[in-house]
Amino acid sequence: MLQCAVKRFQDSRIHVSGRVRCVFGCRVVLLSLILAGAVVARAGGQTGTVADAQGQASHALSTRVVAYQIEARLDPVKKTIDATEILTYHNLTGRPLDTFPFHLYLNAFQPTSTFMREVRLYGTRGADPESVWDKKHYGAIEVKSFEVVGQGDFTKRLEFIQPDDHNPDDRTVFQVKLAKPVAPGADVVFKIVFHDQLPEVLERTGYKRNFFMVAQWFPKVGVWWHDAWNCHQFHALTEFFADFGAFDVKATVPENYLTGSTGDLVSTVPNRDHTKTVTWRAADIHDFAWTASPDYKLIEDAWTGSAGTVHIHLLLSPGHESSIRRYLEVIKGALDRFDRWYGPYPYDRITLVDPPQGASDAGGMEYPTLITCGTGWWVPEGARVPEMVTEHEFGHQYWYGMVATNEFEEAWMDEGINSYTEAKVMESLYGKDTSMLDLWGMSASDADILRLEYVTLPDTDPLSRFAWQFMNSNAYAAVSYGKTATLLLTLEGIIGEDTMRRAMHTYFMRYRFTHPTGADFIKTIEEVSGRDLDWYFQQAVHGTNVLDYEVLAIRSDPLDWFREPPSKPKKGVTLYRDTVLVHRKADFIMPVDIQIKFDNGDRTLEKWDGRDRWVRFSYDKKARVISAEIDPQHSVRLDKNFFSNSSTEEADRRATHKLSTYWLFATQYMAQLLAWLA
Ligand SMILES: [Zn+2]
């Protein structure tokens, strides 16, 4: 998803800022800002792989552990769903299993849940800590009956568990202990009847008037991973983790509703009661979401890549016609870049959901082969928020969808790597300096805005921390999204952009459909680059060290300073002792280059390993030093403060000060804008 946070600019190389990523509780959808002195604009299927609901397929891409058959009926008045679920679980763990945990995500939307407890503690995308409970956001999922085929009715033996925080009021995970264990290699079939109460949309899920975004809506079994069940409670800052498999889903909705879903539409059958039953099917995916609304307009397009043709379905909400071209342009551009750079998109469909006015909290989220976007009629061309959101959610098809890392435990592996590829794709599509903003003479890149997200809270938490254990939601956003993207962009400066792209390609192709870990990612980067990068990843991924270098002083001192009377300085004649003092202000150790310029046109590039706290370069020359700049290639993007990276003569320093004052103003202005929007 897209985690909101105020992004600030503090970069002397850019002259304007802005974007707001997810805001608490809401999510992006729009926004564009800007100023330059004033102004604001508010503004399935699968490749030849067809599987039935038992997970049988001739060309499975994944190890299909689960097969879900769900029949659901939507009550558009009560905002409820009644459904039956038949889950076939293939025991591929190599050991007998007698206990199975299940997620009940919708139970997070209750005032005493762990999710809401954490919202009150540190906020989340949908709400800040001061938000008041509103019962319209109540959500629930109730298991009405639970049968284990061949073993009987276990409904009364379901037990809520709270493996993460022991909150007895949290009901987002239950487990069942079977009478007989499921042997290795055998199947077990669960028949579950359940009832959903959808909330008014929050956290990407729910209804708004007659719009329905039905996500995290069915009992979902945990993942047997690393020799244990992995089934975390639903937290304010966590996303999801599930096994791959096949889905066969039927939903009965009013006959005038247009629907979209994960996977492919198989059939639509009208019923006598002014409803219709739609059937969808998908395989080699690990989640299933769907949407319905009478107000959607379907826009169809297609794109052909290395794995064949991908059908693009855009479900557009009223008033957003002006965004059609923008949506289609960015989705096709993203499909193309991912296909060429990282690997094929193997599914035959991507569905874009454009939430209606007032339902922006459903936007900016990813599900297999379906993404939710966000726009508004007021978002001007050049403020690329709709493009960025669409690209971001599409990118998740690779990192969340196919690679499928554990989002509870290693959020950076999805959100962060995805933010990095977002910056790369946006730059490729919309220009290096204009990938996020190109409006009214102002420009900003997506990479710079991600970096600004990082510098707001650079040192509270390591990337590798479990998502719900971050200090607060802003720290989670700054680190999981902004810092990860920035450290991977910085890594390009160490191993080279081409090598980085090859490493990402190797990582994707090797680990798709396998649930890798951060160690697998790092190992792949080291292998492809042929470099030992432990020194870098230990600091950047596992540590909270801040990277910040500064030019502390430049000085030109005449060697004949002691003469009496003093000699008059003469250009090209007077001999100076030129010195440049560079300081490592923080703990992150990084080799850096320093470019030094003299007033006779000479320049020199010094390399420093950065290990000591400071270094002084000294030259005796018939020239004065006029400037020194750390990292003249601007590749060390992790450096927290670019303003201190160079020192020049007085006039330039004043300009820098002016610029920083401007950014302070812009930042405060944006914070106010954010408060207004929230
Ligand atoms: Zn995301």
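Preceding block: the structure.
Every value quoted in this text rests on a predicted model; they were computed, and no experiment measured them.

### Describing the sheet that holds strand β22 (residues 365–367)
Inference 1: The strand order β19-β20-β21-β23-β22 describes an open sheet built from five strands, whose pairing is mixed. The open sheet is flanked by β19 (297–305) and β22, the only strands paired with a single partner. Neighbouring strand axes in the sheet, compared pairwise and without regard to direction, differ in orientation by 15° on average.
Inference 2: Pairing geometry for β22 and strand β23 (residues 370–372), over three bridges, is antiparallel. For M365, the partnering residue across the bridge sits in β23 and is T372.
Inference 3: Sitting on the sheet, helix α2 (residues 324–341) is in contact with β19, β20 (308–316), β21 (349–353) and β23, with an inclination near 25° to β19.

### Brief notes about helix α5 (residues 446–456)
Inference 1: In terms of residue burial, α5 counts as a mostly covered element, since 10 of its 11 residues are buried.
Inference 2: If you check which residues of α5 are buried, you get D446, A447, D448, I449, L450, R451, L452, E453, Y454 and V455.

### Re helix α3 (residues 385–403)
Inference 1: Its 19 residues place the ends of α3 26 Å apart at the C-alpha level, agreeing with the 27 Å of an ideal helix rising 1.5 Å per residue.
Inference 2: For α3, the principal kink sits at H396 and spans about 35°.
Inference 3: Taking burial as the measure, the 19 residues of α3 include 19 buried ones, the bulk of the element.
Inference 4: Positive phi shows up at A404, right after α3, with a value of about 60°.

### Quick notes on the sheet that holds strand β3 (residues 97–103)
Inference 1: Overall, antiparallel pairing links the four strands, which are arranged β6-β7-β3-β11 in an open sheet. With one partner strand each, in any of the chains shown, β6 (159–160) and β11 (220–221) form the two edges of the open sheet.
Inference 2: Both β6 and strand β7 (residues 173–182) contribute to a ladder of two bridges, which runs antiparallel. Looking across to β7, one finds that F160 is bridged to F174.

Here is what the cut-offs are and how they apply
Residues numbered from 1 in each chain as written. Predicted model: local features only at pLDDT ≥ 70, side-chain atom pairs only at ≥ 80, totals over all residues. Heavy atoms only, no water. Pairing = 2+ DSSP bridges. Helix = DSSP H or I, 4+ residues; strand = E, 2+ residues; numbered from the N terminus. Axes fitted to C-alpha atoms, helices over the stretch in contact; angles between N-to-C directions. Contact = heavy atoms within 4.5 Å. Buried < 20%, exposed > 50% of the residue type's maximum accessible area, 1.4 Å probe, protein only. Expected span 1.5 Å × (residues − 1). Bend = angle between axes of the 7 residues up to and from the residue.

Read these as layout, nothing more, since geometry by itself doesn't imply function.
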